[in-house]
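Letter by letter, the chains look like this.
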Amino acid sequence: MNISDDNTTVELDQSNALDGNAAAGAFSAALGVDASMIDIVCAECGYRAPFAEERAYLDGPGTTLCCQRCASVIGRVATTPAGTWLSLSGSESWRLPSFAGSSPD
Amino acid sequence: MTDPWEPRRLVWQTAELVDARRETASARTLVFSGPAWTGYLSGHHVDVRLTAEGGYSTERSYSIAAADRTRCFELTVQRVPDGEVSPYFVEEMTIGDQMEVRGPIGGWFAWHPGTPDPVLLVGGGSGVVPLMAMIRERVRVGSRSPFRLVYSARSVDEVLYRDELADRSSTDDRLMVDQIYTRSAPEGYRRPPSRISEMDLADLSWTAGSAPRCYVCGPNGFVESVSQLLLALGHAPAMIRTERFGPTGE
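This section reports on the structure supplied with the text.

How each quantity is defined
- Residues numbered from 1 in each chain as written.
- Chains lettered and ligands numbered in written order.
- Predicted model: local features only at pLDDT ≥ 70, side-chain atom pairs only at ≥ 80, totals over all residues.
- Heavy atoms only, no water.
- Helix = DSSP H or I, 4+ residues; strand = E, 2+ residues; numbered from the N terminus.
- Expected span 1.5 Å × (residues − 1).
- Buried < 20%, exposed > 50% of the residue type's maximum accessible area, 1.4 Å probe, protein only.
- Arc of directions from axis to C-beta.
- Contact = heavy atoms within 4.5 Å.
- Salt bridge = Lys/Arg side-chain N within 4 Å of Asp/Glu carboxyl O.
- Buried area = accessible area lost by both parts, 1.4 Å probe.
- Polar contact = N/O pair within 3.5 Å; in protein donor to acceptor, adjacent residues only side chain to side chain.

## Side note on helix α5 (residues 220-232) of chain B
Residues and elements named next belong to chain B. In this model α5 runs 18 Å from its N-terminal to its C-terminal C-alpha over 13 residues, within 8% of the 18 Å that 1.5 Å per residue would give. When α5 is considered as a whole, its buried residues turn out to be F222, V223, V226, S227, L229 and L230. The buried residues of α5 all sit within an arc of 165 degrees when viewed along its axis, so they share a single face. For α5, the exposed residues set more than 90 degrees away from the buried face come down to G221 and A232. Elements in contact with the buried residues of α5: β7 (119-124), β8 (147-153), α4 (198-201), β10 (213-218) and β11 (240-244). Taken from the residues just after α5, G234 is the one with a positive phi, measuring 100 degrees.

## Side note on the pattern of salt bridges
Following the criterion strictly, the structure yields 19 salt bridges over all chains and no others. One salt bridge connects R138 of chain B with D172 of chain B, and the closest N-O pair in it is separated by 2.8 Å. Note that R138 of chain B is positioned in helix α2 (residues 128-140) and D172 of chain B in the loop between α3 (162-171) and β9 (175-181), a separation of 34 residues in sequence. The residues R138 of chain B and D172 of chain B share a single accessibility class, namely buried. One connected set of salt bridges, linked through shared partners, spans D19 of chain A together with E224 and R244 of chain B.

## Things to note about the interface of chain B and chain A
The interface is formed by 26 residues belonging to chain B together with 28 residues belonging to chain A. Approximately 2,100 Å² of surface area, both sides summed, lies buried where chain B meets chain A, with 59% of it carried by carbon and sulfur atoms. Along the contact surface separating chain B from chain A lie one salt bridge. Residue D19 of chain A is joined to R244 of chain B by a salt bridge in which the shortest nitrogen-to-oxygen separation is 4.0 Å. Where chain B touches chain A, the interface holds seven residue pairs in polar contact (both at pLDDT 80 or more). Those elements giving two or more residues to the side of chain B that touches chain A turn out to be β3 (45-51), β6 (98-105) and β11 of chain B.

Have a look at this one:
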């Protein structure tokens, strides 16, 4: 599948995809909370899914999260000598759901 | 339940191999010590970074097989043919060797000890590793939640934790273990070798009506087909948590 993302075209081969669990470390390190349980809405198709159930590509550079349904890029994180870059521009929203017994988000 | 949104400062730390044991001809459990961490839940994983002498480094995620609350954790690694990282863990890494580790992480695929619901664990191959962590944790915290593990392996030789699972299930009437073989089964085994089917997951005492929390872990295809079977059996999507390895299992 070809994903047009800014000026680059990325060949996304679904057979290389892991699920979001595998990307949780990189995003959690950047966000400062456990990313795996965050509910994400894709800006491209509007599909909502937990981070852990999206698709993840770790082959780099950086870690890319793609929509489970339409495969659009919904988030990227990369660490360079200048710092850690976090791009969430392919997503509409990130919701930290409240859980019984936890403080509201 | 602890606050899942408690700020986590996840940084790379050094871990050292302090013990190791062979599980099967192609799998090994490695015990690491070193990183100071908090908030471990069974089902969590760690990111691992290995750096070669030339500076080339590569990262992988591995499920935690067991952990104490402080500074020790175990990984069970299955060697993947032509894999880049797993042969190192299974064949080469020696006591005293170090690596970088980040975690524990992954609350989505974690069992929370406070929840009383029955738990259905479905593992394919080394997908049993985080499920074993849950079985061990259940005993450690004294939970009375009924657990059932349905574990699919190619053959007896590839079954991880075989003795421990037999011991635990024979002495605990709230832990059921159903072993499935996909390629070859021991002579006279109750079930001929074949892929996991609806029959394996349907059980009179474990209908969807008892609303177990389902944790499914394995290669992509395994997780996909088990998820479909569970949905067909009436399990609610919200009760099914999955973790996939990807195509190579590394």
